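Residues per chain, in single letters:
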Amino acid sequence: GQRALLAVITLAAGQPLEVKLVEGLLAAGRHAGLAPPAAGTLPEIIREWQHALDGPIVVAIDQFEQFFLALDPQEQQAWQLLLRALTQDRSLFLRLILVIREDFLGRTYGALETDLPGLWEGRFRLERLGREAAWSAIVEPAASFGVRWQPALVEALLDGLAGSGAGVAPPQLQIVCDRLFRHVRE
């Protein structure tokens, strides 16, 4: 049956996109138990693993607003050229997901509409989470990495983040959980 591989990367100034993508793919492949790729270039890795999986390679670029905030014009141009080359290569079964703050949507459209045709065909707006969905968003991803949360801590987090009962904003949840995880790891 068809499977997919999901690699999540975050933009960083001074680090070429191709390096970030290869690192992210290799880490996701190791986590998924894929054999190390025989070739080292990004398109070769994608082709090899899409055939092994009989499915797509999905790359989520988190915090894509950093494209505008952290990258200089030369880095932006290099990223645009690589993204265009990857999306136009019909031998690649590749899907890109850009995770971006809503206030940067217009800038993203203006900057990438010609490089990434169809960029706006599949948009998804992540709304505030109800308590049960927020609980799952805290507990389930951590469990996939062997991390368990104390139920009392999850309840306290949800009480603090839900405020007046309007739900939990996913970015706040991500920031708080990431900081707690990093603190515990240190």
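Values in this document were obtained by computation on a predicted structure and should not be read as measured data. (Residues numbered from 1 in each chain as written. Predicted model: local features only at pLDDT ≥ 70, side-chain atom pairs only at ≥ 80, totals over all residues. Heavy atoms only, no water.)

(A) Geometry of the packing of helix H1 (residues 17–32) against helix H2 (residues 42–53). H2 packs onto H1 with a crossing angle of 25 degrees between their chain directions and a minimal axis gap of 10 Å. Between H1 and H2, the crossing angle belongs to the class labelled roughly parallel. Read as a crossing pair, H1 and H2 show a hand that is left-handed. Note on element contacts: H2 touches H1 through Leu42, Pro43, Ile45, Ile46 and Trp49, opposite Glu18, Leu21, Val22, Leu25, Leu26 and Gly29. Its residues assigned to classes, the contact of H1 with H2 comprises nine nonpolar, one polar and one charged. (Axes fitted to C-alpha atoms, helices over the stretch in contact; angles between N-to-C directions. Helix = DSSP H or I, 4+ residues; strand = E, 2+ residues; numbered from the N terminus. Parallel < 35°, antiparallel > 145°, perpendicular 65-115°, else oblique. Left-handed = near helix turned anticlockwise from the far one by under 90°. Contact = heavy atoms within 4.5 Å. Nonpolar A, V, L, I, M, F, W, Y, C, P; charged D, E, K, R; others polar.)

(B) A look at H2. Taking 1.5 Å per residue as the helical rise, H2 with its 12 residues ought to reach 16 Å, and the 16 Å between its terminal C-alpha atoms agrees with that figure. Taken together, the buried positions of H2 are occupied by Leu42, Ile45, Ile46, Trp49, Gln50 and Leu53. Looking down the long axis of H2, one finds its buried residues gathered within 120 degrees of arc, a one-sided arrangement. Of the exposed residues in H2, the ones pointing more than 90 degrees away from its buried face are His51 and Ala52. (Expected span 1.5 Å × (residues − 1). Buried < 20%, exposed > 50% of the residue type's maximum accessible area, 1.4 Å probe, protein only. Arc of directions from axis to C-beta.)

(C) Inspection of the sheet that holds strand S3 (residues 94–98) at higher detail. Ordered in space as S1-S2-S3, the three strands form an open sheet in which the pairing is parallel. Looking along the sheet, the strands with just one partner apiece sit at the ends: strand S1 (5–10) and S3. Pairwise comparison of adjacent strand axes, ignoring direction, gives a mean angle of 20 degrees for this sheet. Looking at chain direction, S1 and strand S2 (residues 57–62) are connected through six bridges and run parallel. If you follow leucine 6 over to S2, its bridge partner there is valine 58. (Pairing = 2+ DSSP bridges.)

(D) Expanded view of H1. In this model, H1 (16 residues) spans 22 Å end to end at C-alpha, consistent with the 22 Å of a helix rising 1.5 Å per residue. Residues Leu17, Lys20, Leu21, Val22, Gly24, Leu25, Ala28 and Gly29 constitute the buried set of H1. Its buried side turned inward, H1 meets S1, H2, S2 and helix H4 (73–88).

(E) Inspection of the packing of aromatic side chains at higher detail. With the rule as written, the count across this model stands at three aromatic pairs. On the numbers, 5.0 Å between centres and 80 degrees between planes, the contact of phenylalanine 67 with phenylalanine 68 is edge-to-face. We classify phenylalanine 68 as buried; its relative accessible area is 14%. Among the aromatic side chains, those forming a connected cluster through ring pairs are Phe64, Phe67, Phe68 and Phe104. (Phe/Tyr/Trp six-rings, centres within 6.5 Å; stacked < 30°, edge-to-face > 60°.)

Geometric values such as these leave the question of function open.
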